[in-house]
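Understanding the architecture of this molecule
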Amino acid sequence: MKLCMIGTGYVGLVTGTCFSDIGNDVICADVDNNKIKNLNLGTIPIYEPGLEEMVKRNVNQGRLKFSNDVSDAIRKSDIIFICVGTPTNKKTNEADLKYVFQVARKIKFNLNKYKIIVNKSTVPVTTGDKIESILKRNKFKSKYDVVSNPEFLREGEAIRDFVVPDRVVIGTKSKKALKIMRSLYLPIIKKNSRFFSTSRRGAELIKYASNAFLATKISFINEMANFCEESDINIEDISVGMGLDQRIGERFLRAGPGYGGSCFPKDTRAIVSLAKRFKVNLSIINSAIKSNKNRTKILFNRILKIVNNKFKNKSIAFLGVTFKANTDDMRESPCLSLIPALISKGAKINYYEPTGQKKELDKYKNVTFSKKVSDATKKADLIIVHTEWNEFKQLNLRKLLKNKKVIVYDMRNIYSPEKMKKIGIKYYGIGR
Ligand code: UDX
Ligand code: UDX
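Residues numbered from 1 in each chain as written. Chains lettered and ligands numbered in written order. Predicted model: local features only at pLDDT ≥ 70, side-chain atom pairs only at ≥ 80, totals over all residues. Heavy atoms only, no water.

What follows concerns the site of ligand 1. Looking at ligand 1, there are 21 residues lining it, with Asp30, Lys35, Val84, Thr86 and Lys266 nearest. Between ligand 1 and Lys35, the relevant distance is 2.6 Å, taken from an oxygen atom to a side-chain nitrogen or oxygen of the residue. The protein chains hide 87% of the 700 Å² of surface that ligand 1 would expose on its own. Elements that contribute at least two residues to the shell around ligand 1 include exactly α1 (10-21) and α5 (98-109). Tallied by class, residues from the shell around ligand 1 come to 7 nonpolar, 8 polar and 6 charged. Built from parts of two domains, the shell around ligand 1 gets at least three residues from each of domain 1 (2-198) and domain 2 (200-432). (Near = heavy atom within 4 Å. Polar contact = N/O pair within 3.5 Å; in protein donor to acceptor, adjacent residues only side chain to side chain. Areas by Shrake-Rupley, 256 points an atom, 1.4 Å probe, with all protein chains shown as cover. Helix = DSSP H or I, 4+ residues; strand = E, 2+ residues; numbered from the N terminus. Nonpolar A, V, L, I, M, F, W, Y, C, P; charged D, E, K, R; others polar. Domains from an automatic or database assignment.)

In structure tokens form, the structure reads like this:
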């Protein structure tokens, strides 16, 4: 099939590449000329394991192309995926849909034959209806179907999530569009995963409800971790013990520094504000948002206790700064609120991050980047494991830290407290 992705960010690039890998002809289009130029030179703009090889393979086979001519990409394609960002509108807290509608208008002017317009961007309920009404009076009088097909791709595991999805959700009332979408996904859904069709509004809400539920699950376990810290219980046991109940499930029950990234914070805010417009109070999600915000304060107070209330000239090493491992993404990373709070009290931060120096941290005078773990930890009084990168899991801490009295605060519980005790390191985890 001939497809195009409008928006070649995390979602558009991964989705387009994976669709080309199962034999479709795909154009990934974007208004960012620089991004397209680099992609055409073989430079992948994001860190996503496995993506570079897959892009190369499909470009070489001639199935995957990159273009800054969005109109041309639309005209040449039978199925158009809208994959542009939907950032938080700072005034309303709802999703800002200006890019989605911009693309819809572009599609309207290039609708030269029947096409399926698939919205993959995370959008509020009724956005599909609005896209449909934009397309109504197109000059070619072409027929079209607007379908919702939300993405459930985790950064760092996006290819796996695409190839072996838990479910593919298609929202449409058009039988024709549903049949085509099913055949597009056939090579993937054959592998035992579920293909679920519903109304377009239903599909739009499934995306928000799923992310809000997962965010709530994380806030829940983080609050349990706070309780465990005060009652000498290990949160890891609670997660395992709860997760073994299949009604609860073990995934997304890891306590940590709070959820971040490009989706959970934005989508929880958006659904709460959207529901308000429908005069519905989503109080549980609202509480999850507040709880996650409050996490910075809780972590800050714990650090304060760990360093005996003295921040002045304390040297703190951060291992990892991205919002989770296997991504270079800094969007809403928990450290972005924690680090400013620490330096405002006089701490000095040295960080090591496997995906390199981060522009988001460049503006702080007392924050420096180290190219090696050992450089970041050399002068540290306290080491904070902020992101669960694999390369931190087997560090020889005793050797690395020599005989200094360094404290380790492991915000991802990647180390064993017993082992730390054995090698004489003062160790704190989350909820244990
Ligand atoms: C996606 C979704 O679209 C978002 O709704 C979801 O919640 C998270 O995932 P993401 O792929 O992370 O967003 O966005 P980003 O990496 O910002 O990429 C968006 C791309 O669209 C950018 O490359 C941007 O240049 C491009 N774009 C934006 C267009 O091509 N046209 C526009 O009109 C606007
Ligand atoms: C999310 C959705 O999971 C995915 O389906 C899609 O909608 C895009 O948004 P992503 O943001 O890439 O994916 O990462 P995810 O793995 O969901 O993690 C989000 C945040 O939750 C991270 O900050 C992570 O560290 C945190 N998290 C996750 C926990 O604190 N504990 C957990 O058990 C799981």
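Back to the write-up after that little detour.
Another point: the pattern of salt bridges. Inspection of every chain in the model, using the stated rule, returns 25 salt bridges. Between Asp21 and Arg57 there is a salt bridge, with the nearest N and O atoms lying 3.0 Å from each other. With Asp21 in helix α1 and Arg57 in helix α3 (residues 51-60), this residue pair connects regions lying 36 residues apart in the sequence. Here Arg277 and Glu94 are joined by a salt bridge, their closest N and O atoms 2.9 Å apart. Placement of Arg277 in helix α11 (residues 264-277) and of Glu94 in the loop between β4 (79-82) and α5 is noted, with a sequence separation of 183 residues between them. Residue Glu94 is classed as buried on the basis of its relative accessible area of 13%. Each of the salt bridges in this network shares a partner with another, and the network as a whole consists of Asp129, Glu132, Arg200 and Arg201. (Salt bridge = Lys/Arg side-chain N within 4 Å of Asp/Glu carboxyl O. Buried < 20%, exposed > 50% of the residue type's maximum accessible area, 1.4 Å probe, protein only.)

To continue, consider unusual backbone geometry. One non-glycine residue, Lys141, lies in the positive phi region at around 55 degrees. Looking at Lys141, the relative accessible area reads 75%, which means it is exposed. Although it is not a glycine, Phe252 adopts a positive phi angle of roughly 60 degrees. A relative accessible area of 22% means that Phe252 is categorised as partly exposed.

What the domain assignment lists for the chain is domain 1 (2-198) and domain 2 (200-432). Between domain 1 and domain 2, the buried area comes to about 2,900 Å², and carbon and sulfur atoms account for 50% of it. Summed over the three residues of domain 1 that lose the most area to domain 2, namely Tyr47, Val125 and Glu155, the buried surface amounts to 22% of that side. At the junction of domain 1 and domain 2, the tally comes to 7 salt bridges. Arg200 is the salt-bridge partner of Glu132, the closest N and O atoms lying 3.1 Å from each other. Inspection of the region where domain 1 meets domain 2 yields 17 residue pairs in polar contact (both at pLDDT 80 or more). (Buried area = accessible area lost by both parts, 1.4 Å probe.)

Right, let's talk about the pairing of strand β12 (residues 382-385) for a bit. The alternating pattern of β12 places Leu382 and Ile384 on one face and Ile383 and Val385 on the opposite face, and all of these are buried. Looking at chain direction, strand β9 (residues 315-319) and β12 are connected through 4 bridges and run parallel. Bridge pairing links Ala317 to Ile383 in β12. Pairing of β12 with strand β13 (residues 407-410) involves 4 bridges; the strand directions are parallel. Bridged to Ile383 within β13 is Val408. (Pairing = 2+ DSSP bridges.)

In this section: the pairing of strand β7 (residues 167-171). The buried count for β7 comes to 4 of 5 residues, which makes it a mostly enclosed element. Sheet analysis places β7 next to strand β8 (residues 194-198), joined by 5 bridges and oriented parallel. Across the sheet, Val169 pairs through a bridge with Phe196, a residue of β8. A crossover connection joins β7 to the parallel β8 through helix α8 (residues 175-189); in handedness this β-α-β unit is right-handed. (Right-handed = clockwise from strand over helix to strand, strands pointing away.)

Aromatic rings in a pair are described by how distant their centres are and how their planes are angled relative to each other. One pass over the full model with this rule turns up 10 aromatic pairs. Arranged with centres 5.8 Å apart and planes meeting at 70 degrees, the rings of Tyr47 and Trp389 form a pair that is edge-to-face. With Tyr47 in the loop between α2 (33-40) and α3 and Trp389 in the loop between β12 and α16 (397-401), the pair connects residues that are 342 residues apart, well separated along the chain. Considering the side-chain rings of Phe252 and Phe264, the 6.2 Å spacing of their centres and the 55 degrees angle between planes classify their relative orientation as tilted. Within this pair, whereas Phe252 is found in the loop between α10 (235-243) and α11, its partner Phe264 is found in helix α11, the two being separated by 12 residues in sequence. Above the face of the Phe152 ring, Arg167 is positioned so that its terminal group lies 3.5 Å from the ring centre. For Lys176, the ring lying beneath its charged end belongs to Tyr114, and the centroid distance is 3.6 Å. (Phe/Tyr/Trp six-rings, centres within 6.5 Å; stacked < 30°, edge-to-face > 60°. Lys NZ or Arg CZ within 6 Å of the ring centre and 35° of its normal.)

Turning our attention to the site of ligand 2. Contacts to ligand 2 come from 19 residues, most closely from Glu155, Arg254, Gly260, Lys324 and Arg412. Within the backbone of Glu155, one N or O atom sits 2.7 Å away from an oxygen atom of ligand 2. Contact distances for ligand 2 include 2.8 Å between an oxygen atom and a backbone N or O atom of Arg254. Alone, ligand 2 offers 660 Å² of accessible surface; in the complex the protein occludes 96% of this. Ranked by the residues each element gives to the shell around ligand 2, the list is headed by helix α9 (residues 200-231), at 3 residues.

This part takes up the sheet that holds β13. One open sheet accounts for 6 strands, arranged β11-β10-β9-β12-β13-β14; its pairing is parallel. At either margin of the open sheet sits one strand with a lone partner, and together these are β11 (367-370) and β14 (426-428). Within this sheet the neighbouring strands show an average axis-to-axis angle of 20 degrees, counted without direction. Where β9 meets strand β10 (residues 348-352), 5 bridges bridge the pair, whose relative direction is parallel. If you follow Ser315 over to β10, its bridge partner there is Lys348. On the sheet, helix α12 (residues 283-306) packs against β12, β13 and β14 and is oriented at approximately 165 degrees with respect to β13. (Axes fitted to C-alpha atoms, helices over the stretch in contact; angles between N-to-C directions. Contact = heavy atoms within 4.5 Å.)

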